[in-house]
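A look at the structure
Given next are the chains, with one letter for each unit.
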Amino acid sequence: MKKNIFLLILFLFSAYNLMAIDVVLPLDILEKQQEIKNFRVEVVLEICTYAGQNSEFFFTYYYEEPDKIYLETDDFVLLPKEALKTLQPAFFQADKYSFNYLGKEEGLDILELIPLDKGERYRLLLAIDSGNSQIRSGELFFQMADYQEEFNAQIFFAEIGGYSLPVYIEGILVVPTKFALGGEVKEYREGSFSLKLKDYAINIDFPANIRKRLSGN
Amino acid sequence: MVWTLIRIELNKMFRRPRTYLGLVGAALIPLAVIIIFAYKDPTPFIAKILGDMFTLSGSILNGYLVSLVTINHGTINFFLPVLVVLVVGEIVAGEEQEGTLRLVLSRPVNRAYFLISKLISSLFYTFLLILIMALVGLGGGLLVFGRGSLLVSGLLLGDEGWFNILNPAEAVQRLLIVHGGAFLVILTITFLSFFLSSILKNPIGAMIFPLILVIFLQIISNFPFFSEIKPYLFTTYMDLWVDLLAPEIPWKDILNSGFILLGHGLFFLAGSFYYFTRKDILS
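This is a predicted model, so every value here is computed, not measured.

A few points about the overall build of chain A
Of regular secondary structure, chain A possesses four helices and 11 strands. Within chain A, the proportion of its 217 residues that are buried is 28%. Contacts in chain A between residues far apart in sequence, at least 24 positions, make up 45% of those at least 6 positions apart.

So this is what it looks like as structure tokens:
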């Protein structure tokens, strides 16, 4: 009798785990992102550290697999590195993460992605619409430089050409406001940033000059 | 009467080659910055420093950056004072040395009016120095490197300074304010040199002494054990233009520094009038 109960418990436990794996790992959605070989998108970045003072940057972001990036601008662009990462399809490579399924919220599966590389200082929550195989939104928690505080950024996705691509990112970050002569940051100030992304062009032939610049990176 | 005297003084000032030497000197600073930047873009230097947290793409080099870098510690603390004393230091003492002062004042000219006309000419020359620097820096910079956002970094100015990014419209506004701040700082040197020129017979002294004093006070300020006397030295407040580049301008501190500099200036001015109106002009 005891043996049967033990076997029953073992069976239920295994069945629960198997069911859980089925639900929580919609890896096909993440893998689909890897089909993107290249893309181009128009971006507006706004960084605000003080009331009444916003820094705006306008640029075109070119991506080519696996991790080549070129930012085209008439001016200059100062982009938080963590925000830059989230724009790359390679960012969603399933084999880079361990996953935690956090349940359902408003019909969306909430999945936590924790980088396997211990050197990475971020984690990601994704809200996945499993029915439509799309990522709807995400929240990136990250640390910057020597700053111990954890910052976060909200990422909103839209379905573009069958892929889930970020169209708006906003969050909090620290911006250095003073440097010492040696280049080390003496003073930080917290601020907010937002990235608006529009006019995606996916898997296209880039002009020769852009290809050359991408291969130079 | 004062207007006539001012016209005569300006006329006299612009007949002297050293006036043009000073004005050309003021134009040389931004021109040197343009040449240096044409040779080497400062973007990689800043990108390397920001590398841990940010990716910097494109180029920070534009006309606004040229104008900003033109105003730096070396320019404000040393180069501009040299250009100021070159003309202001000899504006009264030079006449006394040449013997023309006695000749002019032997006519029915009010001494105070005479000194006011000299003072206004000195202020005009100081203003011209800043104006030329601003025009050549901004105009030349925009012509050569074009427009863009302004990346403010103390590291480009030889100091720890502020880090800030300004859109083109804000950049113009802020650069004008910074040049205004620089004018206020340099006015103190103008007043000091004018004071010395009014009391000394030898213009060399009125030229050299303000420079020696500024350098000496700057050296003293750098000793940590002299920190108690630092608030009493006018050179301490000569960096007020730096805070005008802060993301959030600390107006209270700037006004405080501005009033202290103006206070020193008025003290030198009062001294000039006090001594000059009572002075025996014997040669």
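Re the overall build of chain B
The helix and strand tally for chain B stands at 12 helices and three strands. Taking 19 Å as the expected radius of gyration for a compact globule of 283 residues, we find that chain B reaches 21 Å, a close match to that expectation. Projected onto the principal axes, the alpha-carbon positions of chain B cover approximately 70 × 45 × 25 Å. Expressed as a percentage of the 283 residues in chain B, the buried residues total 44%. Within chain B, residue pairs in contact and separated by at least 24 positions form 79% of the contacts whose partners lie at least 6 positions apart.

Topic: helix H12 (residues 251-278) of chain B
Note: α-helices contain 3.6 residues per turn, so residues at a spacing of three or four share the same orientation. Residues and elements named next belong to chain B. Look at H12: 40 Å from first C-alpha to last across 28 residues, which is about the 40 Å you get at 1.5 Å a residue. Buried within H12 we find Ile254, Ser257, Leu261, Gly265, Phe268, Ser272 and Phe276. Against helix H8 (111-145), helix H9 (168-199) and helix H11 (240-243) lie the buried residues of H12.

Let's talk about the interface of chain A and chain B
Contacts between the two partners involve 25 residues from chain A, matched on the other side by 24 residues from chain B. Among the secondary structure elements, those contributing two or more residues to the side of chain A that touches chain B are strand S1 (38-50), strand S2 (53-64), strand S4 (76-80), helix H3 (81-86) and strand S10 (163-179) of chain A. No other element matches S4 of chain A, which puts five residues into the side of chain A that touches chain B. Of the residues assigned to the side of chain A that touches chain B, the class counts are 14 nonpolar, six polar and five charged. Alignment of S4 of chain A against strand S1 (residues 54-58) of chain B, held across five bridges, turns out to be antiparallel. Each bridged residue has a counterpart across the sheet, and for Leu78 of chain A the counterpart in S1 of chain B is Leu56 of chain B.

Some points on the pairing of S4 of chain A
Extensive coverage of S4 of chain A is indicated by the burial of five of its five residues. Burial of the side chains of S4 of chain A extends over both faces: Phe76, Leu78 and Pro80 of chain A are buried on one face and Val77 and Leu79 of chain A on the other.

A closer look at the packing of helix H2 (residues 17-39) of chain B against helix H4 (residues 63-70) of chain B
All names here are of chain B. Packing of H2 against H4 leaves a shortest axis separation of 9 Å and a crossing angle of 125°. In terms of their interaxial angle, H2 and H4 are classed as oblique. Here H2 runs over H4; the crossing is right-handed. Contacts between H2 and H4 involve Ile29, Pro30, Val33, Ile34 and Phe37 from the former and Val66, Val69 and Thr70 from the latter. Here the residues of the contact of H2 with H4 sort into seven nonpolar, one polar and no charged.

A short note on the packing of helix H5 (residues 73-88) of chain B against H9 of chain B
Residues and elements named next belong to chain B. Where H5 meets H9, the closest approach of the two axes is 9 Å, and the angle between their N-to-C directions is 40°. It follows from the interaxial angle that H5 and H9 lie oblique. H5 and H9 meet at a crossing whose hand is right-handed. Each of Ile76, Leu80, Pro81, Val84, Val85 and Val88 in H5 lies in contact with H9, whose residues at this interface are Ala182, Val185, Ile186, Ile189, Thr190, Ser193, Phe194 and Ser197. Within the contact of H5 with H9, the residues separate by chemical class into 11 nonpolar, three polar and no charged.

As for unusual backbone geometry
Residues and elements named next belong to chain A. A positive phi angle, near 60°, is found at Asp199, a position not held by glycine. Here Asp199 shows up in strand S11 (residues 185-202). Phi at Asn203 is positive, roughly 50°, even though this residue is not glycine. Along the chain, Asn203 falls in the loop between S11 and helix H4 (208-216). On the basis of neighbour counts, which here come to 11 C-beta atoms within 10 Å, the residue Asn203 falls in the exposed class.

Re the pairing of S10 of chain A
Residue and element names in this part refer to chain A. Summarising the sheet, strand S9 (residues 151-160) and S10 pair through eight bridges and their orientation is antiparallel. When the sheet's bridge partners are listed, Ile155 is paired in S10 with Ile169. Between S9 and S10, which follow one another and run antiparallel, lie two residues, and Gly161 among them has a positive phi close to 60°. Sheet topology places S10 next to S11; 11 bridges connect them, and they run antiparallel. From the neighbouring strand, Leu173 faces S11, where its bridge partner is Gly191.

What to know about the confidence of the model for chain B
Detailed reading of predicted coordinates is not advised where the pLDDT is low. Confidence along chain B averages 88 in pLDDT terms, with 97% of residues attaining 70 or more. For this predicted complex, the interface confidence score (ipTM) comes to 0.72, while the overall pTM stands at 0.80.

Rules of the game
- Residues numbered from 1 in each chain as written.
- Chains lettered and ligands numbered in written order.
- Predicted model: local features only at pLDDT ≥ 70, side-chain atom pairs only at ≥ 80, totals over all residues.
- Helix = DSSP H or I, 4+ residues; strand = E, 2+ residues; numbered from the N terminus.
- Buried ≥ 20, exposed ≤ 12 C-beta atoms within 10 Å, placed from the backbone.
- Contact = placed C-beta atoms within 7 Å.
- Rg over C-alpha atoms; globule rule 2.2 N^0.38 Å.
- Expected span 1.5 Å × (residues − 1).
- Nonpolar A, V, L, I, M, F, W, Y, C, P; charged D, E, K, R; others polar.
- Pairing = 2+ DSSP bridges.
- Axes fitted to C-alpha atoms, helices over the stretch in contact; angles between N-to-C directions.
- Parallel < 35°, antiparallel > 145°, perpendicular 65-115°, else oblique.
- Left-handed = near helix turned anticlockwise from the far one by under 90°.
- pLDDT = per-residue confidence, 0-100.

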